[in-house]
Amino acid sequence: MSESVASEVVSAMVGGMFSASALYPLEVLKTRMQAETKGGGSGTNKEEEDKVLPNEQEPSPDSEASSQTALKAEYAAAASEGMGAYATLMYEREGGVAPFYSGVVTSAVQSATEKALYFFAYTFLKNGYVGVTGNSNIGAVSNLILGCFAEWAHLPVTLPIDCVTTAIQTDDKNRGAFVLLGSILSEKGIGGFYKGIEAYTVLCLKPAIQYTVYEQVKKVVLAARRANAHGRAVASDSLNAAEAFFLGMFARVVATMLTYPYLRAKVMLQSTYKNATVKPTIPQMIAEQLSTGGVWGLYQGIGPELTRGVFSAALMMMVKERIGVVVRALIDGDRAEAQRRDGK
């Protein structure tokens, strides 16, 4: 593995794990609010309720069913009101802060794996592009294409982890990761881990857009820094922590606003429609949300997604830039030491 690939992979993996763990409560809110529908509920359709409730009922099945329906409607109404109302309801109804951290380990593993594989593929493809074209100045369109290929490269590994994480966050019975893993396998087989993959025909653009915006603006910032140096040596050829933080925020906002309707449709397919006999397509789901809720229906849950996503991207890129500097320094130090020994 070349030095540039090693640096990108290690720094992205650490940054991804750190940001996912630090902001996980917002991830839970985002996922659950995206999964809510005005029909009431985040986990089952009416046919499933009729099938499940009798097995869980107390002596009064009608009362139990009514209570479940009322609770689902309460959560759906809170999701329409916003992130604060939904978080308050979760805290009051589900026993404090514990539900906000359900599945945090799985999410951290997913984020670390996803970021490591993405940047491994992206850096490998970028180095290959430079080697073939001889041009190290990669344009925005080429960056987007390379980013899309890099995103698809990690999906076979990370989409099953994402499916299990979503199941943990939206499961009404608070079952663990291994129980849900076995449940998905027994009910749906391997294909159950790849529900919503069609959404990635568009969602692959999200990290591609995010990192393309980041890289293109980063080039401008570093070029301006070198120009302002007026020929003097530049202390660092990387962004400082504050620059990486705010640039990461900006890039994530752009990417999220452009792709969010497809992201919500993917989550709903993995949760709300997970046991439906006939599943709608992603475009059908988007059209349904637009007709029932207007533009806001398409962007329900955008608050926690933007909050979590923006700060997650900012933290991840800030940590990645700093870790990357350390890894490159270690690699350069090892190379210098090896050359010193060879020169003796």
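Residues numbered from 1 in each chain as written. Predicted model: local features only at pLDDT ≥ 70, side-chain atom pairs only at ≥ 80, totals over all residues. Heavy atoms only, no water.

### Some thoughts on the state of the cysteines
Selection rule: We call a pair of cysteine sulfur atoms a disulfide when they lie within 2.5 Å.
One pass over the structure, following the stated rule, counts zero disulfides. Here Cys 204 stays unpaired: no disulfide links it, and the sulfur of Cys 148, its closest cysteine neighbor, is 3.9 Å away.

### A word on empty space enclosed by the protein
Condition: Put plainly, a pocket is an open set of points on a 1 Å grid over the protein atoms alone with protein on both sides within 12 Å along at least five of seven lines, a cavity is a set where a 1.4 Å probe fits but cannot get out, and a lining residue has an atom within 4 Å of a point. Grid points are joined across faces, edges and corners, and a volume is the space filled by probe spheres set on the points. The way it works is that DSSP assigns letters per residue, a run of H or I at least four long becomes a helix, a run of E at least two long becomes a strand, and they are numbered from the N terminus. Classification convention: Asp, Glu, Lys, Arg as charged; Ala, Val, Leu, Ile, Met, Phe, Trp, Tyr, Cys, Pro as nonpolar; all other residues, Gly among them, as polar.
As enumerated under the stated definition, the model contains two cavities of 30 Å³ or more in all. Considered as a void within the structure, the largest cavity measures approximately 670 Å³ in volume. Taken together, 37 residues form the lining of the largest cavity, with Gln 110, Glu 114, Lys 115, Arg 252 and Arg 308 sitting closest to its centre. Counting residues per element, the ones that place at least two in the lining of the largest cavity are α1 (3-22), α2 (24-35), α6 (104-133), α7 (140-170), α9 (200-203), α10 (205-228), α11 (241-270) and α13 (302-343). With nine residues, α7 is the single largest residue contributor to the lining of the largest cavity. For the lining of the largest cavity, the per-class residue count stands at 14 nonpolar, 12 polar and 11 charged. Computed from the structure, the second largest cavity encloses a volume of approximately 40 Å³. Lining the second largest cavity are Pro 261, Arg 264, Ala 265, Met 268, Met 285, Ile 286, Gln 289, Gly 297 and Leu 298. Residue assignment for the lining of the second largest cavity shows that the elements contributing at least two residues are α11 and α12 (282-298). In terms of residue count, the dominant contributor to the lining of the second largest cavity is α12 (five residues).

### Some points on the packing of aromatic side chains
Counted only if it meets this: The rule is short: rings of Phe, Tyr and Trp, with Trp giving its six-membered ring, pair when the centres are within 6.5 Å, and they are stacked under 30 degrees, edge-to-face over 60, tilted in between. Relative accessibility under 20% of the residue-type maximum defines a buried residue, over 50% an exposed one, and the middle range a partly exposed one, all with a 1.4 Å probe and only protein chains included.
Counted by the stated rule, this structure contains nine aromatic pairs. Aromatic pair Phe 245 and Phe 246: ring centres 5.4 Å apart, planes at 85°, arrangement edge-to-face. The exposure class of Phe 246 is exposed, given its relative accessible area of 55%. An aromatic cluster is present here, built from Tyr 118, Phe 119, Tyr 122 and Tyr 211 joined pairwise through their rings.

### Concerning the nonpolar core
Put simply, the rule reads: Note on terminology: a nonpolar core comprises buried Ala, Val, Leu, Ile, Met, Phe, Trp, Tyr and Cys residues joined through side-chain atoms within 4.5 Å. Any two residues having at least one pair of non-hydrogen atoms within 4.5 Å are treated as being in contact.
With 20 residues, the main nonpolar core has Tyr 118, Phe 119, Tyr 211, Tyr 214 and Leu 239 as its most contacted residues. Sorting the residues of this core by element identifies α6, α7, α10, α11 and α13 as the ones contributing at least two each. With five residues, α10 is the largest single contributor of residues to this core. Look past the residues within four positions of Tyr 214 in its chain and what remains in contact with it is Leu 239, Ala 244, Leu 247, Gly 248, Ala 251, Met 317 and Glu 321.

### A look at the confidence of the model for the chain
Heads up, the condition is: Per-residue confidence from the predictor is reported as pLDDT, a score between 0 and 100.
Residues at a pLDDT of 70 or more form 82% of the chain, whose mean pLDDT is 79. Taken element by element, the predicted model of the chain shows its lowest mean pLDDT in helix α3 (residues 46-56) (41) and its highest in helix α5 (residues 83-94) (89). Here residues 40-59 scores under 50 on pLDDT; set against residues more than four positions off or in separate chains, the count is 34 contacts.

### Description of the pattern of salt bridges
Put simply, the rule is: Salt bridges are defined as contacts in which a side-chain nitrogen from Lys or Arg sits within 4 Å of a carboxyl oxygen from Asp or Glu.
For the coordinates displayed, the defined rule picks out five salt bridges. Among the salt bridges present, the one from Glu 94 reaches Arg 32, with a minimum N-O distance of 2.8 Å. On the criterion of sequence distance, the pair formed by Glu 94 in helix α5 and Arg 32 in helix α2 is long-range, its members being 62 residues apart. Look at Arg 32 and you get buried, because its relative accessible area is 11%. For the salt bridge of Arg 225 with Glu 243, the shortest nitrogen-to-oxygen distance reads 2.5 Å. Of this pair, Arg 225 sits in helix α10 while Glu 243 sits in helix α11, placing them 18 residues apart in sequence. Judged by relative accessible area, Arg 225 falls into the partly exposed class, the value being 23%. Here Glu 243 falls in the partly exposed class, since its relative accessible area comes to 28%.

### Some details on the environment of Thr 292
What counts is decided by this rule: N or O atoms within 3.5 Å of each other form a polar contact, as long as, within protein, one can give a hydrogen and the other can take it, and as long as residues adjacent in sequence are counted only when both atoms are side-chain atoms.
For Thr 292, the position within the fold is in helix α12. Within the structure, Thr 292 has its side chain in polar contact with the backbone oxygen of Glu 288 (distance 3.0 Å). A polar atom in the side chain of Thr 292 sits 3.5 Å from the backbone oxygen of Gln 289.

### Observations regarding the packing of α6 against α10
Short version of the rule: All axes are obtained by fitting lines to C-alpha atoms, using only the stretch in contact for helices, and the reported angles, taken between N-to-C directions, cover 0 to 180 degrees. By definition, turning the near helix anticlockwise from the far helix through less than a right angle yields a left-handed crossing, and turning it clockwise yields a right-handed one.
Contact geometry of α6 with α10 gives a least axis separation of 13 Å together with a crossing angle of 65°. Crossing handedness for the pair α6 and α10: right-handed. Only Pro 207, Ala 208, Tyr 211 and Glu 215 of α10 make contact with α6, whose side of the interface consists of Lys 115, Tyr 118, Phe 119 and Tyr 122. Among the residues forming the contact of α6 with α10, the class breakdown is six nonpolar, no polar and two charged.

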